[in-house]
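Fold and contact review
Listed below are the residues making up each chain.
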Amino acid sequence: MLSDTPAPASASAARPLTAPAARGASAVAHPNIALIKYWGKRDEQLMLPVTDSLSMTLDVFPTTTHVRLDQDAAEDRAALNGEEATGETLRRITAFLDLVRARAGSSVRAVVDTRNTVPTGAGLASSASGFAALATAAAAAYGLRLDAAGLSRLARRGSGSASRSVFSSFALWHAGTGTGEEGDTSSYAEPVPAADSLDAALVIAVVNAGEKAVSSRQAMRRTVETSPLYGPWAASSRDDLADMRSALVRGDLKAVGEIAERNALGMHATMLAARPAVRYLSPATVTVLDRVLKLRQDGVLAYATMDAGPNVKVLCRRADAADVADAVRDAAGTVVTARPGPGARLLDGGV
Ligand code: PMV
């Protein structure tokens, strides 16, 4: 159990703020769900995507992360929901902290304590909230001064989709151009405008909260390398993005839903055509998709989107969310309704 509580205010006040041993910071971030998907990297090391993507940050399933610098430690340690992280999970966190340390000119190790309220690895964007919270807390703990775009670039290095969770409501992650430093600098997220009249909700049908068999990283790589549908989807996604931006500004929920649904189904088509195929969608997913079609036939604006997992997120008007939830409840284990939520932020003033 690695849970650490922040040093009491009096203890940290007694030490100069520049002393690394006294530094710690807590941050909270929420997941985001892409309406225009990120699927495929042009640079795996720098986490540079092939296409732009656009998402809605949620007001549910926050991740809270505390980072404390430990001058005496030889290794980083991390706990996820109170359980000590090992293996690949710890490796990813350490690699991320190495980036922060390199920028801060520090070699001090850290103790990370993170609390997730979203099932991990089930296509419910736990890595987005996780790395957005870690980036925010670690940047503060190591004394990095970053603007929002800089924080988004940093979060991107942990998990691409985390670049968008830095921002509230709707965010666009620019793929950027080029490779190396040019690619790194040009690839970050920023807020995009949406009309207040949009009044969107996302009804999340958790059909299976178990961890996925194929990671999104592996699945993306296989899709980009082997799927004959990848190029056409990436090209059509560029048009989808332009249409989506104007639908958001108009507050046209019908258009937002239609574009989001076609973009997500197209992304899954690219995976189904990969060799061998990657299939995240389960029979329960298809049942929920049928319910969404039926809702539309009954005159309710409801559109589905799915990520690297079997769970379905149904975009609808806030006023219809309870009816949509009722329509999918028997096909899903858990149903949670989300609204546009806040961006990542430091807690307790940060240090
Ligand atoms: O969680 P990541 O950063 O490995 O990417 C997952 C990508 C999708 O969730 C499937 C789509 C998206 O844009 O979030």
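The text that follows walks through the structure, step by step, so that each part is easy to find. In every chain, residue numbers begin from 1 and rise along the written sequence. In keeping with the predicted nature of the model, local features appear solely for residues at pLDDT of at least 70, side-chain atom pairs appear and are counted solely at 80 or more, and the whole-chain, interface and lining totals rest on all residues. Side-chain metrics rest on all non-hydrogen atoms present in the structure, leaving aside hydrogens and water.

Turning to the pairing of strand β1 (residues 24-29), a few remarks are in order. Counted residue by residue, β1 has six buried out of six residues, so it is predominantly covered. Type-normalised accessible area, obtained with a 1.4 Å probe on protein chains alone, sets the label of each residue: buried when under 20%, exposed when over 50%, and partly exposed for intermediate values. Where helices and strands are cited, they refer to DSSP runs of H or I of at least four residues and of E of at least two residues respectively, numbered from the N terminus. Neither face of β1 is open: one carries G24, S26 and V28, the other A25, A27 and A29, and all of them are buried. Pairing between two strands is assigned when DSSP locates at least 2 bridges connecting them. Here β1 runs beside strand β6 (residues 63-70); their pairing, made up of six bridges, is antiparallel. Looking at β6, one finds that V28 is bridged to T64.

Of the residues making up helix α7 (residues 216-226), those classed as buried are A219, M220 and T223. Take α7 and look down its axis: the buried residues cluster within an arc of 100°, on one side only. Here the buried face of α7 lies against β3 (41-43), α8 (230-250) and α9 (253-272). Regarding the arc, it is the one traced by the directions from the helix axis to the C-beta atoms. Between two residues, a contact is recorded if the distance between any of their heavy atoms is within 4.5 Å.

Our focus in this paragraph is the site of the ligand. Taken together, 13 residues lie around the ligand, and Y38, S159, S161, R164 and S216 are the ones closest in. In protein, a polar contact means a hydrogen-donor-capable atom and an acceptor-capable atom, both N or O and within 3.5 Å, with residues adjacent in sequence counting only if both atoms are side-chain atoms; elsewhere, any N or O pair within 3.5 Å suffices. Within the backbone of G160, an N or O atom sits 3.3 Å from an oxygen atom of the ligand. The contact in question runs from an oxygen atom of the ligand to an N or O atom on the side chain of D307, over 3.3 Å. Its free accessible area being 380 Å², the ligand has 89% of it covered by the protein chains. Broken down by class, the residue content of the shell around the ligand amounts to five nonpolar, five polar and three charged. We call a residue near a molecule or strand whenever a single non-hydrogen atom of that residue lies within 4 Å of it. Surface exposure here means Shrake-Rupley accessible area, sampled with a 1.4 Å probe, where a residue is shielded only by the protein chains that are shown. In this classification, the charged set is Asp, Glu, Lys and Arg, the nonpolar set is Ala, Val, Leu, Ile, Met, Phe, Trp, Tyr, Cys and Pro, and all remaining amino acids, among them Gly, are polar.

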